[in-house]
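Each chain is listed here by its residues.
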Amino acid sequence: MKLHQFVVGMLALAFCASAPEAEAAKAAASLSKVTVCGVGGPSCLAGTQVQNGVWQDVMSSSIKTANITDLFIDVSMVTGLYTSTTVKGNNTGTESSAVAMGGVKVRVLLDGQPALTFPDRGDGITFDQRVQTLTAKLGNIFTDCFAQGGNTGTGCTLDPQELSLALDTTSAHSFNYILLNVGPGMHTVTVQAMVNTRASGNDGGTAVANAIYGMGTMTVDAVALTNSFLF
């Protein structure tokens, strides 16, 4: 081997030996701009409709952890609820009622599996929920009366009384998830959300409901908690 080849080889070996290994990341983040609402209720403008009760991926990010690492995961999301209930009167004197429910749940997956985070066990954390119930006992109202001929008196048209209540709210919510001792290596953290809606009525009562989630952020921090921390 010639001298210059030997020198080049030694320099290459020295460079490889001194090159630092990929360090474990300390933080990661993800952003969502998608608006999602449930099928069956009023549609969300410029949004995507999904089936009720089905988990949907919202945000995901990967992070490399060291030998002993816990993860703090902060999830923030804008949610909205729409509920509308209507009750009508009748000739029988029975009670008319309507119920509308909308809700949004959020959970975290670690490497594709529901993470055992505090205090969630895979069922999700309720970010937003409303149950709206409207009940009334209504009769009929006079809408048109006219004089009848002879001694028959006055004739009137009766229409059922009606009462409606609609609520539409939008707000931002945040929750901190804690994952203990996730182990070393590359991990993928995924945020999922699920909408749930229900509408029912009886004796003339009708209801409409929907739930929406939109703009969201996720931050993941790799930390080492004290050994005494348990849940």
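Being a predicted model, the structure only gives us computed values, none of them experimental. (Residues numbered from 1 in each chain as written. Predicted model: local features only at pLDDT ≥ 70, side-chain atom pairs only at ≥ 80, totals over all residues. Heavy atoms only, no water.)

**Focus on the layout of surface pockets**
Rules: Whether a set of points on the 1 Å grid over the protein atoms alone is a cavity depends on a 1.4 Å probe fitting there but being unable to get out, while an open set qualifies as a pocket with protein on both sides within 12 Å along at least five of seven lines; lining residues are those with an atom within 4 Å of a point. Grid points are joined across faces, edges and corners, and a volume is the space filled by probe spheres set on the points. Numbering of helices and strands runs from the N terminus; a helix is a DSSP stretch of H or I covering at least four residues, while a strand is a stretch of E covering at least two. In the scheme used here, Gly and all other residues not listed as nonpolar or charged are polar, with Ala, Val, Leu, Ile, Met, Phe, Trp, Tyr, Cys and Pro taken as nonpolar and Asp, Glu, Lys and Arg as charged.
Its boundaries defined by the atoms lining it, the largest pocket holds a volume of some 240 Å³. Around the largest pocket sit 16 residues that line it, and Cys44, Gly80, Asp168, Thr170 and Ile212 are the ones nearest its centre. At the level of elements, strand 5 (70-88), strand 11 (162-179) and strand 13 (206-223) are the ones that each hand at least two residues to the lining of the largest pocket. Per-element tally for the lining of the largest pocket: the top contributor is strand 5, with five residues. Looking at the lining of the largest pocket, its residues break down into seven nonpolar, eight polar and one charged.

**A look at the environment of Gly102**
Note the cut-off: Pairs of residues are marked as contacts when any of their non-hydrogen atoms sit within 4.5 Å.
On the secondary structure map, Gly102 appears in strand 6 (residues 96-110). Considered as a pair, Gly102 and Val195 are 93 residues apart in the sequence and their alpha carbons are 7.5 Å apart. Aside from chain neighbours lying at most four places away, what touches Gly102 is Leu81, Thr83, Asp128, Gln129, Arg130, Asn196, Thr197 and Ala211.

**Brief notes about the nonpolar core**
The criterion, for reference: Buried residues of nine kinds, namely Ala, Val, Leu, Ile, Met, Phe, Trp, Tyr and Cys, make up a nonpolar core once their side-chain atoms join them within 4.5 Å. Note on exposure labels: buried denotes an accessible area under 20% of the residue type's maximum, exposed denotes more than 50%, and partly exposed covers the range between, all computed with a 1.4 Å probe on protein chains only.
Counting residues in each nonpolar core, the largest one holds 29 residues, and the members touching the most others are Ile73, Val75 and Met77. Elements supplying a minimum of two residues to this core: strand 4 (56-65), strand 5, strand 6, strand 8 (125-136), strand 11, strand 12 (185-202) and strand 13. In terms of residue count, strand 5 provides more of this core than any other element does, five residues in total. If near-sequence neighbours (up to four positions away) are discounted, Ile73 is found in contact with Val108, Phe175, Asn176, Tyr177, Leu179, Val189, Met218, Thr219 and Val220. Counting eight residues, the second largest nonpolar core, distinct from the first, contains Val87, Ala100, Leu138 and Ala209.

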